[in-house]
Amino acid sequence: MASITLEYDGRNTAIKKALDLILYLGARVKKTKSHPKNGLDEALEDIEAGRVYEADSVEDMMKQILG
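A brief look at the structure comes next. (Residues numbered from 1 in each chain as written. Predicted model: local features only at pLDDT ≥ 70, side-chain atom pairs only at ≥ 80, totals over all residues. Heavy atoms only, no water.)

### Description of the overall build of the protein chain
Broken down by element type, the protein chain carries 3 helices and 0 strands. Its helices and strands taken in sequence order, the protein chain reads α-α-α from the N to the C terminus. Compactness check: the protein chain gives a C-alpha radius of gyration of 24 Å against a globular reference of 11 Å for 67 residues, more than 25% above the reference. Along the longest, intermediate and shortest principal axes, the C-alpha atoms of the protein chain span 65 × 30 × 15 Å. (Helix = DSSP H or I, 4+ residues; strand = E, 2+ residues; numbered from the N terminus. Rg over C-alpha atoms; globule rule 2.2 N^0.38 Å.)

### Structural notes on the layout of surface pockets
Where empty space is left in the structure can be found by rolling a water-sized probe over the atoms. Taken as a whole, the largest pocket spans an internal volume of roughly 870 Å³. When the residues that make up the lining of the largest pocket are grouped by side-chain class, the tally is 10 nonpolar, 4 polar and 4 charged. (1 Å grid on protein atoms, 1.4 Å probe; cavity = no way out; pocket = protein on both sides within 12 Å on 5 of 7 lines; lining within 4 Å. Points joined across faces, edges and corners; volume = space filled by probe spheres on them. Nonpolar A, V, L, I, M, F, W, Y, C, P; charged D, E, K, R; others polar.)

### Description of helix H1 (residues 13-24)
Between the first and last C-alpha of H1 there are 16 Å, a value that for 12 residues agrees with the 16 Å anticipated at 1.5 Å per step. Of the residues trailing H1, Gly 26 is marked for its positive phi of about 120°. (Expected span 1.5 Å × (residues − 1).)

Laid out in structure tokens, this is it:
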């Protein structure tokens, strides 16, 4: 089975109608694999999960880290 990757202007109605026709004729849409996480995505997940610590000074931070 062959596959195609398309990039198009989502506001273009002619292309949308052409894609609808292709899908009507039996083509399938394949879900793309998620992209690897970058540092920002990981940091945002850490914030949401509560894995972020706040410290007033370096000494305070070291106390939190060392227990």
